[in-house]
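Geometric and topological summary
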Amino acid sequence: MVTKKVLLRMERIDKKFPGVHALNQIDLDLYAGEVHILLGENGAGKSTLMKILSGSLERDSGNIWIDGKEVGDLDPEHSKSLGIGMVYQELSLCPNLSVAENIFLGNLPKTKIGAVDWEKLNKMAKESLVSLNVSIDPRMLVRNLEVAEQQLTEIARVINRQSKILLLDEPTSALSDAERDRLFELIRLLQSKGVGIIYISHRLNEIKMIGTRVTVMRDGKVVDTIPVEKTDENQLIQKMVGRKLNEQYPKIHTKIGDKILEIKNLSSENKFKNVNFQLHSGEILGIFGLMGAGQTELARSIFGLDSKMSGEVLIDGCVLTKHNPNDSIRHGLGMLTRDRREGLVPMLEVPQNVTLAIRSQESFGQIIKLRTEKEFANKFVNSLQINPPIINRKVVFFSGGNQQKIILSRWLCCESKVLIFDEPTRGIDVAGKADVFRLMSQLANEGIGIVMISSEIPEIIAMADRILVMRRGEIVTEFQQSVTQEDLLCAASEF
Amino acid sequence: MSNSIENEKSCAETADRYEISAKSNYSSVVKSTLLKSGPIIAFLLLAIYLSFASPYFLTGSNIVNIVRQTSITAILAIGQTLVIITGGIDLSVGAISALSASVAAVLMTQQFQIGGFMIGPVGVGWGIIIAMLVGVSVGVINGVIVAKGRIPDFIATMGMSMTIRGIALLVTKGMPVPSHAVATELKGYLPEQIVWLGNGSILGFPASGVVAILVVLVGWFILRYTVLGRNVYAIGGNRDAARVSGINIVRTKILVYGISGLMAAVAGIVLSGRLNSANALMADGEDMKSVASAVIGGANLAGGDGGAIGSLFGALIMGTLANGLNLLNVNAFWQRVVQGLVIIGIVLFDQWRRRKFKA
């Protein structure tokens, strides 16, 4: 870095939510042309800090300078006008509009009579995409783009507003490696243009690839800010969790019992075909595949969320005939969906969320004993160490890892015999991951059969007793535990 | 889970954070209580203002009047609240009231020849049961169209509303019932029990108010203590999560619309008693009033939030406001203007307060 121009300085930022001191005297600065990585467990306050910068949350106290000028209260408009651009974890594009329209949304070029000047719009969009080395047809509908292309479009939109400060919240969580490389290229280009980037990620291996400095947050405080070349993953993990992680994959070796789940010739319309496998009690069965190989659709279909075309699902030798979630739950199946938002009712509190599935087995007129329900919730909050341990709190206010535990409680409450985990650690921080794995091991040890769908190679190798590899909707191979990362990737990719 | 998980969180810092959380937990209880009692506070403020502004407001006869005016809206609002919490809306409640009351009134006052047998006039008990059956059936049809046909609730119930009004016109031949104009009519009045429901009183308290309170209690109990109520909140709060949890969304929605239809029939009977007559066009405008009551009472039109007690106070605010404007001799045209603006104002205030407290 030749010019160390300070783009942004935040001092003593403080924010309290009911129940949590989310940000405690945070100091952070950002230079032009820097990629400043923000690390921390879920709930450490990273997203809150970004929301304050982008103006969607008000800070309680603290000062912010941009380009050396102090700024007062921020709202989204003001923040944009100051050159702060936020790219959210969930993309905020309109899928029914074209790339060009999305880039210039709210600022479309007009003809004399006030209609949209399509020619000019597409030309301008083309130019801004080319300047970012992105080759997407501006006339394409966003709906038809790959996820990575959508992300690039979103960044183009933000950059197009003359943003000098770019906030990226876990931009690679939905991307494949190749797609990620494309994104990194773009980030480096922006860097060379003097844009300052704050980059939130849970993927430690990305830090060396793209970062300039890294700031670690824990429990609403800044632990340290270090140049990337002076640190390594172990040190960062230690700073993040405030302790050494003794075991990242706490796998207990358990005795594998009888056959508990059997899938026979299961096929869907077009997502997967002729899937056969068996799962035993106490076993963790991994299903690995690249994005779009059909593993998520398979899981949803087993549970009865998506329709199937043919084939059977058997639990304890009993065929599930109705093929809907209610019937699956009755037979002892539980599912943690890939998208946690699909699992929780955000505005209900912990007890209601924990007992949701068990209620589906009761008749409508059944009277609920609120006190028993609270005791239930308390039991799981204690045994799964849900944090903060406050049950009369709406679940929307819990962090990702704790939300995952609340969903898990729901299935434990139903005494499920088979659990399907679809990407159980998606968007969860390092310590939270270890927690989830520890729980999985423990459940398997208690005799529950687990289907674990994951695209994270290290975790699936460490946790699964057997691994099935899916490719284009078919199971192509089965590996035992001693498989290497290369074998797994080879089997899943097409050559 | 038998044995708890070993987790050596850095205790000092965690404790530090919970000290704060313990305190703000107390204040969050205060806040959430305030949040929930918003409609009650608004109602009290309105009542206090009116008792100073008009000497007649706090008189016994005026209060009885308010209760009578409010009870119909309150009964409808409870059914509406259930529907709204699931994320739907029922724009047919007024029409269902009219149809079920009309069918009952026709059967209770007229005579038919079916297959050689003379039928009717039926007794008051049959009349009420038939009215309720009509209400439930129409509600269930609403639910089936919405849940099975996957038509937006708004469109389905609006279409049903027009259909039902039409059927009610056919049933009553476009006349008020009883009317003396129809040759087959035997009685010139509705059964006295029905009239009592609308205009009578128990120990000085209006009978219609008692019906309304019972309905509110039933609604409150369903929402708070039954599996059905829980499903209602879950479906409105996150339909996907409800599905993953095995909740039968179709059946829940059908049942909820059925209950809304039933409540509409009850309101229709009470209203026909109050008017001592039923007609196909009665309870006009009650659909929107019931929606407004629920929303003023804290229900969220996007689903997932709301409650029976809140909706009761929503209805009370609407009824008291109308009464107050009458007492203050406000011009009838201006009354509409004021009522509309007050609804918008209250909901605006409510939105603002929610955002303030939840942030």
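The rules behind each value
- Residues numbered from 1 in each chain as written.
- Chains lettered and ligands numbered in written order.
- Predicted model: local features only at pLDDT ≥ 70, side-chain atom pairs only at ≥ 80, totals over all residues.
- Heavy atoms only, no water.
- Helix = DSSP H or I, 4+ residues; strand = E, 2+ residues; numbered from the N terminus.
- Contact = heavy atoms within 4.5 Å.
- Axes fitted to C-alpha atoms, helices over the stretch in contact; angles between N-to-C directions.
- Parallel < 35°, antiparallel > 145°, perpendicular 65-115°, else oblique.
- Left-handed = near helix turned anticlockwise from the far one by under 90°.
- Nonpolar A, V, L, I, M, F, W, Y, C, P; charged D, E, K, R; others polar.
- Patch = residues over 30% accessible without salt bridge, like charges linked within 9 Å, V, L, I, M, F, W, Y side chains within 5 Å.
- Areas by Shrake-Rupley, 256 points an atom, 1.4 Å probe, with all protein chains shown as cover.
- Salt bridge = Lys/Arg side-chain N within 4 Å of Asp/Glu carboxyl O.
- pLDDT = per-residue confidence, 0-100.
- 1 Å grid on protein atoms, 1.4 Å probe; cavity = no way out; pocket = protein on both sides within 12 Å on 5 of 7 lines; lining within 4 Å.
- Points joined across faces, edges and corners; volume = space filled by probe spheres on them.
- Domains from an automatic or database assignment.
- Buried < 20%, exposed > 50% of the residue type's maximum accessible area, 1.4 Å probe, protein only.

1. Considering the environment of A267(B)
Residues and elements named next belong to chain B.
- Considering the arrangement of structural elements, one finds A267 in helix α11 (residues 249-275).
- Taking the C-alpha atoms as reference points, A267 and A98, 169 residues apart in sequence, are found 9.2 Å from one another.
- Residue contacts for A267: discarding those within four places in its chain leaves I72, I75, L76 and S97.

2. Concerning the packing of helix α4 (residues 93-109) of chain B against helix α6 (residues 153-172) of chain B
Residue and element names in this part refer to chain B.
- Two numbers describe how α4 lies on α6: the axes approach to 9 Å, and their chain directions differ by 20°. Here α4 lies roughly parallel to α6, going by the angle between them. In this structure, the crossing between α4 and α6 has a hand that is left-handed. Between α4 and α6, the residues in contact are G94, A95, I96, A98, L99, S102, V103 and V106 and S161, I164, R165, I167, A168, V171 and T172, respectively.
- Here the residues of the contact of α4 with α6 sort into 10 nonpolar, 4 polar and 1 charged.

3. Here we look at a nonpolar patch on the surface
- A contiguous nonpolar patch, built from I367(A), F205(B), I213(B), L214(B), L217(B), W220(B), F221(B) and I309(B) and spanning about 700 Å² of accessible area, is present on the exposed surface.
- For the nonpolar patch, the element with the highest residue contribution is helix α8 (residues 207-225) of chain B, accounting for 5 residues.
- Following the sequence through the fold, I213(B) ends up in helix α8.

4. Quick look at the confidence of the model for chain A
- In the predicted model, chain A carries a mean pLDDT of 86, and the fraction of residues at 70 or more is 96%.
- Confidence, expressed as mean pLDDT per element, reaches its minimum in chain A at helix α17 (residues 485-492) of chain A with 78 and its maximum at strand β12 (residues 275-280) of chain A with 94.

5. Here's the deal with empty space enclosed by the protein
Residue and element names in this part refer to chain A.
- Summed over all chains, the structure comprises 5 cavities of 30 Å³ or more.
- Estimates place the volume of the largest cavity at around 50 Å³.
- Around the largest cavity, the lining residues are I52, L57, E58, R59, D73 and L74.
- In the lining of the largest cavity, the residues fall into 3 nonpolar, no polar and 3 charged.

6. Here's the deal with the domain arrangement of chain A
- Along its sequence, chain A is carved into domain 1 (6-241) and domain 2 (259-492).
- Between domain 1 of chain A and domain 2 of chain A, the C-alpha centre-to-centre distance is 32 Å.

7. Let's talk about the environment of E415(A)
Residue and element names in this part refer to chain A.
- Along the chain, E415 turns up in the loop between α14 (400-413) and β17 (418-422).
- Given a relative accessible area of 66%, E415 falls into the exposed group.
- Taking C-alpha positions, E415 is 6.9 Å from G332, a pair spaced 83 residues apart along the chain.

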